[in-house]
Amino acid sequence: MDGASVIAEALKAQGVEYVFGIVGFPVIEVGMAVQAAGLQYIGMRNEQAAAYAAGAIGYLTGRPGVCLVVSGPGMLNTISGLANATINCWPMLVIGGANDKDQDSMGAFQEYPQVESARLCAKYTARPASVSQIPFFIEKAVRISMYGRPGAAYIDISGELVNQTVPEESIRIMPKVGPPPPMLGDPGLVEEAVRLLTSAKNPLIIIGKGAAYANAEGSVRELVTKYGFPFIPSPMGKGVVEDDHPQCVIAARSRALLQADVILLLGARLNWILHFGLPPRFNPTARFIQIDICPEELGNNIGTNRLLGVAGDILSVTNQMLEAFQSLNPNWTYPRNTPFWQSLKSKVSANQKASQELSVDESVPMSFYYALGQVQKMIPRDSIIVSEGSSTMDIGRTVLLNHSPRHRLDAGTFGTMGVGLGFSIAAALLARDRWPGKRVVCVEGDSAFGFSGMEVETICRYNLPILMVIANNNGIGMGIEAETWNDVEVKDRSVEIPVTGLMPDTRYEKIIEAFGGKGYFATTPTELEGALRESLTTYADKPVIINVAVNPQSTRKSQDFNWLTRTESKL
């Protein structure tokens with residue numbers, strides 16, 4: 001067997017189904033071997049997008065997707081994807097070609113310290129010294145990427161190993177890594193958590209994407225519904241319990257965080273997304289119950305004096321909590337007439353009314369609320385929603401609802417822009433192969449689309465019926481008016497056009513038309529409604545871009561707090 005075939009067989013043995021990448025020297029034979037082994041190879045247009053797609057496969061399936069790239073610049077283009085997967089806690093594997101070992105330090109073609117470069121943003125890195133070692137390192141990389149807190153792994157393959165042949169009997173293909181073993185929480189701490197929740201005046205559950213990744217939706221839904229807790233989801237925790245569930249108080253998020261006295265964190269971290277668990281966004285005396293697969297995460301940012309930390313996987317510990325409720329206080333439910341509930345209901349009603357008023361305003365150019373509201377009204381209820389962009393994503397989190405787990409993909413913990421098309425490609429492949437009929441809807445800001453817009457060709461090449469809606473406000477965050485653009489001489493644009501400005505009224509839909517997909521440019525509510533209707537019926541089996549002209553001055557409604565919590569300087 002040659003090294004390329006060994007790599008392909010080792011990946012197949014680990015249950016890998018999808019390999020994304022861009023091939024060339026020295027890995028083109030690996031790509032060919034992958035296809036010969038029956039794995040799906042998806043050729044992308046940029047290694048960064050390929051890495052994002054592989055990470056999304058890891059999140060959606062629990063097993064790593066693979067990204068295959070060439071040496072030097074090719075491998076370095078995957079760094080953002082490696083970091084994104086590791087910080088989001090998603091399993092993925094990058095395999096990078098490298099120069100021949102006997103040319104190390106000689107200035108070889110695309111020579112670079114790739115293993116060292118990956119080490120900062122991956123859980124595991126390795127460089128096999130021989131063909132026979134490849135299956136061992138691939139198995140270990142897959143196992144480490146999945147077990148404990150998931151993350152990315154990187155394997156460096158020197159060029160001479162790809163075509164080197166060895167006797168087949170010398171190769172030991174490692175057995176498939178099984179699912180991560182269950183990790184139960186300390187029973188005493190679980191019981192203490194239940195007692196703390198039942199004694200709280202203002203309890204709140206925060207559902208993070210860790211609960212979605214753990215496939216814990218059944219037990220989490222039972223915990224929320226049976227015992228009457230108000231809850232808010234993190235952006236990618238949306239859908240673990242339905243967004244339109246009567247106990248979901250995401251529309252009163254700020255008030256819920258501020259007034260809660262006991263907060264149960266299910267796979268959510270007290271990072272910037274949750275304002276570090278600190279005042280002024282949180283009650284300074286609030287107690288936290290934190291369930292996390294990673295013991296080192298327990299107490300992060302708040303210390304341990306207000307924390308009850310339970311190390312374990314979300315599914316196992318949530319089931320333990322249900323058993324503890326049943327044995328300690330089986331008939332208890334949090335009353336729906338408490339001052340806390342009444343306060344939350346009042347705020348939810350007010351905020352929903354304000355958003356509804358914005359979403360029915362048919363002014364031209366359209367607002368984000370109106371455009372996204374039309375998308376929400378017309379797409380299927382169980383659509384997989386991919387969203388990125390500044391206002392597009394922020395407003396979309398409140399307007400675009402999820403009703404199933406692992407049906408929301410966005411910028412995530414790392415706040416990464418440019419992930420949208422890679423994520424959509426991964427989701428569409430899974431929909432095609434596992435969930436026939438499920439729609440993938442990718443809602444992009446115009447700036448976010450620009451990061452990986454050429455992946456539209458990839459989408460059309462594989463005929464992935466992704467509905468892409470571009471909220472085009474001519475800028476990054478705040479856009480630029482066409483009149484302002486036209487009034488500035490070309491030579492002066494670099495100093496007079498706002499730094500957030502992009503070219504007005506860019507016809508992004510023409511890109512997909514060039515590759516055989518269907519494009520629409522919607523400037524009025526009637527045009528948008530018609531484009532959505534046709535894309536979901538007549539062109540349901542084709543890739544579609546709806547380029548929606550959005551008012552450059554359209555922003556989020558007024559917020560109680562700034563979106564990003566700043567810590568005060570101690571100097």
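In what follows, the structure referred to is the one given above.
Everything numeric here is computed off the predicted structure, so don't read it as measured data.

What the rule picks out here adds up to twelve aromatic pairs. Seen from their ring centres, Tyr52 and Phe423 are 6.4 Å apart, and the 75 degrees between their planes marks the pair as edge-to-face. Taken together, the residues span a long stretch of sequence, with Tyr52 in helix H3 (residues 47-61) and Phe423 in helix H17 (residues 420-434) at a distance of 371 residues. For Tyr52, a relative accessible area of 2% puts it in the buried group. Residues Trp90 and Phe423 carry aromatic rings whose centres are separated by 5.5 Å and whose planes lie at 55 degrees to one another, so their mutual orientation is tilted. Here Trp90, found in the loop between helix H5 (79-88) and strand E4 (92-98), pairs with Phe423, found in helix H17; they are 333 residues apart in sequence, far enough to count as distant. Each member of the aromatic cluster is reached from another via a ring pair, and the members are Tyr52, Tyr59, Trp90, Tyr213 and Phe423. Stacked on the ring of Trp341, the Lys or Arg Lys345 has its end atom at 5.7 Å from the ring centre. Seen from the ring of Tyr520, Lys518 lies directly overhead, with NZ or CZ sitting 5.2 Å from the centre.

Here the focus is the sheet that holds strand E15 (residues 466-472). Pairing within the open sheet is parallel, and its six strands lie in the order E13-E12-E14-E15-E19-E18. What marks the edges here is a single partner per strand, and that holds for strand E13 (408-409) and strand E18 (518-522).

Attention shifts here to the environment of Asn319. Relative to the assigned elements, Asn319 resides in helix H13 (residues 314-328). Along the sequence, Asn319 and Ile7 sit 312 residues apart, while their C-alpha atoms lie 39 Å from each other.

Moving on to the packing of helix H1 (residues 3-13) against helix H2 (residues 28-36). Running from N to C, H1 and H2 cross one another at 45 degrees; their axes reach a closest spacing of 8 Å. Regarding the angle of H1 to H2, the classification is oblique. The chirality of how H1 crosses H2 is right-handed. The segment H1 lies against H2, with Ala4, Ser5, Ile7 and Ala8 engaging Glu29, Val30, Ala33 and Val34. Split into classes, the residues belonging to the contact of H1 with H2 amount to six nonpolar, one polar and one charged.

Think of a ball as big as a water molecule: rolled over the atoms, this probe shows where empty space is left. Of the pockets and cavities examined, the second largest pocket occupies roughly 870 Å³. Lining the second largest pocket we find 41 residues, and of these Pro150, Gly210, Tyr213, Ala214 and Ile293 sit closest to its centre. Put simply, the parts of the chain that give the lining of the second largest pocket at least two residues each are helix H10 (209-213) and H13. With four residues, the top contributor of residues to the lining of the second largest pocket is H13. For the lining of the second largest pocket, the class distribution of residues is 20 nonpolar, 14 polar and seven charged.

Rules used throughout
- Residues numbered from 1 in each chain as written.
- Predicted model: local features only at pLDDT ≥ 70, side-chain atom pairs only at ≥ 80, totals over all residues.
- Heavy atoms only, no water.
- Phe/Tyr/Trp six-rings, centres within 6.5 Å; stacked < 30°, edge-to-face > 60°.
- Helix = DSSP H or I, 4+ residues; strand = E, 2+ residues; numbered from the N terminus.
- Buried < 20%, exposed > 50% of the residue type's maximum accessible area, 1.4 Å probe, protein only.
- Lys NZ or Arg CZ within 6 Å of the ring centre and 35° of its normal.
- Pairing = 2+ DSSP bridges.
- Axes fitted to C-alpha atoms, helices over the stretch in contact; angles between N-to-C directions.
- Parallel < 35°, antiparallel > 145°, perpendicular 65-115°, else oblique.
- Left-handed = near helix turned anticlockwise from the far one by under 90°.
- Contact = heavy atoms within 4.5 Å.
- Nonpolar A, V, L, I, M, F, W, Y, C, P; charged D, E, K, R; others polar.
- 1 Å grid on protein atoms, 1.4 Å probe; cavity = no way out; pocket = protein on both sides within 12 Å on 5 of 7 lines; lining within 4 Å.
- Points joined across faces, edges and corners; volume = space filled by probe spheres on them.

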